[in-house]
Structures are given as structure tokens and as C-alpha cells.
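Structural overview for review
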Amino acid sequence: MCGIAGWWIPGGAPRERLERQALAMTARLLHRGPDDGGVWSDEVSGIALAQRRLAIIDLSPAGHQPMHSACGRYTAVFNGEIYNHLDLRARLAAEGSAPAWRGHSDTETLVACIAAWGLESALKACIGMFALALWDRRERSLALARDRLGEKPLYYGWQGEALLFGSELKALKAYEGFRPDVDRDALTLLLRHNCVPAPYSIYRGIAKLRPGHVLRLQAGGPREAEPQPYWRYNDVVAAGMAEPFFGSEQEAVDALEAQIAESVRAQMLADVPLGAFLSGGIDSSTIVALMQKQSSRPVKTFTIGFGEDGYDEAKHAKAVAAHLGTEHTELYVRPEDALAVIPKLPGMFCEPFADSSQIPTYLVSQLARRHVTVALSGDAGDELFGGYNRYLAARRVWERMQRLPSFVRHAAAGALRAVPPATWDRWYESARVLLPKRMHVSTPGDKAQKLAGVLTLSSGQQFFHQLTSQWSDPEHLVHGAAEPTTLLTDPQAWPQTDSLEHWMMAMDAQAYMADDILVKVDRAAMANSLETRVPLLDPRVVSLAWRMPLHLKIRDGQGKWLLRQVLYRHVPKELIERPKQGFGVPLDSWLRGPLRDWAESLLDEGRLRREGYLRHAPIRRVWQEHLSGKRNWQHQLWNVLMFQAWLGAEQGETA
């Protein structure tokens, strides 16, 4: 795991300038690679590549980057891991294409594969997570590439005569001529989604490379070349729909367990201490169970807990860890510990990011880094196997809702909105003992408000868009902005599926997972110099998941049926069965309590007027409603607050 950066002036530049600037860019990425650093330049071509290294495989100088191919044609900087790199070395040897290996790093393997097969073919052969910058001396061309699912980040864009690229925006901002022009259109996306989705960034002229894409730029060619896909998620979905799994349920469970176990085995390869995050939920427990099954020693597992009811999963993780026999470390976090993370967030994420689970993710990464350098996580189980409540709502609520006349749905929406979320919570808690387990949910008041927002919609796609939006009309909040097109609003980019539930899952994998979850985990972990790996994002697991029919994922009002069956072979059902709850913090009460003064300063009417980005009236109204307890606007307020905090940091304000 590393941080990469570089810049290119096609007309050429002095070596001293090229390397000085590239080193300044990677100096901002020291947290991503504290173990080593390097720079390479070609003053005639005007290219400089630089890297900071977190040594995971081959800790020797043979893993140093930038790395040159044995033939001398290619130079690369690489961030990530290629889990099947030993298999790729064997394939090169069988073909007679293997060089005289200098070491056993996966970067050296990748560069050799590119030299032997070409870039796209090499990327398609790789199973891993990565971001790559590759200079081709013969063609005088630069290629930027990103892994299939988007685990590793890569930003790029022209600033005057120079093309800049790097793992994080803070590296690009180190360029001496950088113009930090806030993109108001991108700000509307933040307010809707809690993040700025690819290909946009918070700055005009700077883009994120989409997952599964390659950008090629050649000396003398056009500056604005379009990135091209070497892999498409929608193609995997279509292939799964065309060739579904026809075996028995037992055979489906066997196949899934075998594939996840193989992916876990590959991702346990490291020359440094390795462990796993464990929340006690289905996804992380499955990963840890299959790790422990293949390990001769107790796996190191980590979790954090909060004392507040509804936010503490540590006790569940402890029970699973005890059953599996892991070496478990837990830390109960005091509110002041979590609150102390907030001033770090603008610098940690380097563009505004507002998924509040960023706070516990940072804290559990900090805990894990005291003991290990690599941690496996259970991310992606929800998107692949139907775990989110909105998938259940698609069948349980949406289909039934459409049978009702429009005036009935509008009336029901009004009734739901009339009752404050806190009242819904009290009513639900009183009736909970009388309800069947499948109707047990967390934060019922918030869910009632979300239901009110979708009752009046006319299509399943609108239903999904509303459920995944924070502010439903962000253009109204941002002065002089127009909301850009995204995957969610471009029907031409939508997958072809056999059900609304599968459509939602495919959209979440390409939007919410790629732009929110994976960004959150990457930045929070790398802020602690911790590498994270996601076995469920092995493309072979993804492909198999999409071959599985929907009834093996969602059954009897419950998601992740197939994944549960794998887990129940290793962990008793009673340790796992409980209402799904997010990995979050009690943000609603914090905003009314210890964060109130901080939030008030950021949402001050005069400040909003002076800055000129956000309309003060609707924001102040929502803030007052939240303080009064009339509504819980924690998520909407948090993305405004994260922009305001980021903007303050940009302007040199102290936290």
C-alpha cells in the first residue's frame, strides 16, 4: 500500500524542477507510505513519478519505487496489492516471458506482465486493488489506471501546462501553480450523497478516475482524452443474469464458501502482521471465520464500542471472537475520543466527505494499527448479497405501495411526517416485544421519515434515488449551481437486471460503495498507515454473487440469506441474529449537546452569507428543527457541516 503522485509537462522541464515538485507532492502523502520514498524523472519528456511506500510484500530495497521494467520501456508507480501475483509469475515463466527477478514484490510482477502482455491485458489478469501511473518511454505516453471496484483512489487534472495526478487531492494541491476553485455543481452532489462521486471532485478541472478505467495521454495528442473501461460492473451483472447458478441450495453455499475462502487465503499473504476488523455482523464474522479456519494461530481481530444504546456492537463482536478463538482487542470509546477526531476530518479526506461512520472507522483503524499493518474487512456483503433495508423495502413496501391510490399515499406521507422521529422511537420501543423478529429495526423514527419521502414517487428508480439522497433538492441550497449527471440519473448507464432489488444492488455497488464506503475506509485507514483489504471484492466473488438468483439473497423478509448459510457453518446462528445497525455514532444527540457550539459557529447566518456558497435560510431552518427535537436532521446537517469545516480549513482557519 502506498501513495503515488506525479506531474507531466509535455514540452519538457528541468530535472531539478520536476523532482522537487514531485517530492513536494508525495510529502503530503507520508501517512500512506512512511517506510520509503522515491522519485524518477525524464526532463526531455517532462515527466516525474514519485511514491511513498508502506512496505507489505518484499520489505527489501527490491520493492523500491518508481520501478522500471527489465526491458527499460516502462516506469511505474503503484499503490495497492496484486493478490495473484505469484500465479502471474508462474504464467510468465511458462510462457518464457519472465525476467530475472530482482525480488518478490507484486509491483515487479505487474511491470513484467505489462511488458509481456500490454497494459489492458495485464490489468485484466490481475486480481487486486490498485492505482497505477505508467510511463511508456517508447510511445512517450502516460497511462493512469484504477482497480475494478475502486478500492484505491486516483485524482488527475490539468493545471495550466501541467497534468497532475495523485492518490489524494492534497498531493495535487502541493503543486506550486494549483488553483483551488470550488466546483459549486459538485457541491450539490455532496449535499445529496454525503460524498462527491466520481468522476467529479470538489475542485473544478480535477477529476477522479472511475473504477475499472484507464486514461491514456500521449505527447502531441489531445489533452482531454476520455478514460476507457477495461472492465465494466454492468457486464458482470449481465453475465450473471444470462448464466445463473442452477445447482441446489447446498451446492450454492458450498460454491460461495469455497470462493470466499480462496479470496481470504490470497489476501492473507503479507510480510507484516495482519488482522481483521470484527463488528460481530454477518460480513466481518464470515471473513474472520474463514481466516481463522485457514490459520494455525489465532487471528488478530479488532473492534470498538460505544456506551450509547443502539450504537454498540462490541459485545456481539466479543462473543463471535470468543467462539472462533481469535486474539481479540476491543476498545470502548468515550464521546470525547470520538469528538477529538472531528477536527482531523477535513485534512484526512482532503475534499468534503460526510459519512459520519468515518469517525468510528478512523478509531478502529487507529486501534488495529497498534498491532498490525494490514487488516481485512467485510465490506461489500450488503451490495452483493442484498443486505440493506432498502432492498427489503423494495418488495415489502414499494410493490404494495403502488397498489394504493395516489391520494391515499399522499395522505399517509403527511401523517408520517406529522409525528417526530423521537415519538416514533418511543412508540416502537413500547410495541417491540409484540412484533415478530423480522420487524425489529434500528432508528424506526428515521425510517418512518424516509418512508414518508418515497410514498408519493412513481417509479422504483425514483424510490431508490430518494432513499439514497440526503437533501432532495440540493440545487436550492447552493448559489449558482446545477446538479451534474451521475450514474443514478443517467438511464444509459444503468444495469439490465431481473428485478428492482438486483438493480438497486448493482447501483449501490457502483455508486454508494465505490464513492462512499471505499473512500471512507481508504482515507481513515491510510491516515493511520494501515492497509485494508476486502476479500468480498475479489472479482471472482463478485461474478459468483451475480450468478446467484435473488431468492438465495433475500428470503423471508431478510437479506444475505446465502452469506448467512456460509457463516452458520462456523458461528452459531444465535450469536448473529439481531436487527441490522450501521457502524455509526450518536450524531443526533451530539449535535444538540457537545457539538452544538461548533456546529452553530459553522452554520452562523453571517458566515454563510460571507462565504457565498450556501443559502442560509433553509439550512438555519433545519438546524433549528433539529435542536428543538422536532426532526432528526443529523445526516443533512452533517454534510453541510463537513463542507463548512473543510472550507474553513481551506481558508486557513484553525479547528
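Residues numbered from 1 in each chain as written. Predicted model: local features only at pLDDT ≥ 70, side-chain atom pairs only at ≥ 80, totals over all residues. Heavy atoms only, no water.

Some details on the overall build of the protein
For the protein, the count of helices and strands is 27 helices and 17 strands. When the backbone C-alpha atoms are referred to their principal axes, the protein occupies close to 70 × 60 × 45 Å. Here the analysis covers contacts within the protein between residues at least 6 apart in sequence; of these, 74% occur between residues at least 24 apart. Working note: accessible area of the protein is about 24900 Å², and carbon and sulfur atoms make up 51% of it. A distance of 2 Å separates the average location of the 75 positive side-chain charges in the protein from that of its 75 negative side-chain charges. (Helix = DSSP H or I, 4+ residues; strand = E, 2+ residues; numbered from the N terminus. Contact = heavy atoms within 4.5 Å. Areas by Shrake-Rupley, 256 points an atom, 1.4 Å probe, with all protein chains shown as cover. Lys, Arg positive; Asp, Glu negative; His and termini not counted. Charge placed at Lys NZ, Arg CZ, Asp CG, Glu CD.)

Here's the deal with the sheet that holds strand β9 (residues 162–166)
Read from one edge of the open sheet, six strands run β2-β3-β1-β9-β8-β10, paired in antiparallel fashion. Unpaired on one side and paired on the other, β2 (36–42) and β10 (207–208) mark the two borders of the sheet. Where β2 lies against strand β3 (residues 47–53), seven bridges are found, and the strand directions are antiparallel. Along β3, the bridge assignment pairs D36 with R53. (Pairing = 2+ DSSP bridges.)

What about the packing of helix α26 (residues 616–628) against helix α27 (residues 634–650)?
Orientation of α26 relative to α27, taken along the N-to-C sense of each, is 130 degrees, at an axis distance of 10 Å. In terms of orientation, α26 and α27 fall into the oblique class. Handedness of the crossing formed by α26 with α27: left-handed. Within the contact between the two elements, α26 uses I619, V622, W623 and H626 and α27 uses Q634, L637 and V640. Taken together, the residues of the contact of α26 with α27 sort by class into five nonpolar, two polar and no charged. (Axes fitted to C-alpha atoms, helices over the stretch in contact; angles between N-to-C directions. Parallel < 35°, antiparallel > 145°, perpendicular 65-115°, else oblique. Left-handed = near helix turned anticlockwise from the far one by under 90°. Nonpolar A, V, L, I, M, F, W, Y, C, P; charged D, E, K, R; others polar.)

Some thoughts on helix α22 (residues 561–568)
Here α22 lies mainly inside the structure; six of its eight residues are buried. Looking at the buried side of α22, the elements it contacts are α8 (249–267), α9 (282–293) and α14 (381–385). (Buried < 20%, exposed > 50% of the residue type's maximum accessible area, 1.4 Å probe, protein only.)

Focus on the packing of aromatic side chains
In the structure shown here, the tally under the stated rule is 15 aromatic pairs. Grouping aromatic residues by their ring pairs yields a cluster made of F178, Y203, Y613, F643 and W646. Its guanidinium or amino end placed over the ring of W117, R91 lies 3.9 Å from that ring's centre, counting from NZ or CZ. Over the ring of W633 we find R631, and its NZ or CZ is 4.1 Å from the ring centre. (Phe/Tyr/Trp six-rings, centres within 6.5 Å; stacked < 30°, edge-to-face > 60°. Lys NZ or Arg CZ within 6 Å of the ring centre and 35° of its normal.)

Regarding the environment of A514
Mapped onto the elements, A514 comes out in helix α20 (residues 500–526). Here the alpha-carbon distance between A514 and P211, two residues 303 residues apart in the chain, equals 7.9 Å. When near neighbours in sequence (up to four residues on either side) are disregarded, A514 contacts L149, G150, P211, A509 and V519.

Focus: the sheet that holds strand β16 (residues 374–376)
Read from one edge of the open sheet, five strands run β15-β14-β13-β16-β17, paired in parallel fashion. Here the strands that pair on one side only, and so sit at the sheet edges, are β15 (327–333) and β17 (531–533). The average undirected angle you get between the axes of adjacent strands in this sheet is 30 degrees. The pairing of β16 with β17 spans three bridges and is parallel. In the sheet register, A375 faces β17, and the bridge partner there is T532. Running at roughly 140 degrees to strand β14 (residues 300–306), helix α13 (residues 358–369) makes contact with β13 (274–277), β14 and β15 of the sheet.

Quick notes on the nonpolar core
Core analysis: the biggest nonpolar cluster contains 110 residues, and L132, Y233, I260, L384 and W546 have the highest contact counts within it. For this core, the element with the most residues is α20, which contributes twelve residues. With 85 residues, the next largest nonpolar core counts L164, I202, L591 and M642 among its residues. (Core = buried A, V, L, I, M, F, W, Y, C linked by side-chain atoms within 4.5 Å.)

With respect to the packing of helix α19 (residues 460–467) against α20
For the pair α19 and α20, interaxial distance at closest approach is 11 Å and the crossing angle is 40 degrees. By the criterion of interaxial angle, the relationship of α19 to α20 is oblique. Crossing geometry of α19 relative to α20 is assigned as right-handed. Counting all contacts with α19, which are made through G460, Q461, F463 and F464, the residues of α20 involved are L500, W503, M504, M507 and D508. By residue class, the composition of the contact of α19 with α20 is six nonpolar, two polar and one charged.

Digging into the pairing of strand β11 (residues 213–218)
In this structure, strand β7 (residues 141–146) lies alongside β11, joined through five bridges in antiparallel fashion. Across the sheet, residue S141 finds its bridge partner in β11, namely Q218. Note: β11 against strand β12 (residues 228–229), two bridges, orientation antiparallel. When the bridges of β12 are listed, V214 appears paired with Q228.

A look at unusual backbone geometry
The amide bond that connects Q65 to the next residue, P66, takes the cis arrangement and shows omega of 0 degrees. Following the sequence through the fold, P66 ends up in the loop between β3 and β4 (67–68). In this structure, the amide linkage connecting A198 to the following residue, P199, adopts the cis form with an omega of 10 degrees. Its identity is not glycine, yet N194 carries a phi of approximately 75 degrees, on the positive side. At C350, a residue that is not glycine, the phi angle is positive and equals roughly 55 degrees. Here C350 shows up in the loop between α12 (345–349) and α13. Of the residues examined, C350 reaches a relative accessible area of 4% and is grouped as buried.

Treat this as a map of the structure, not an account of what it does.
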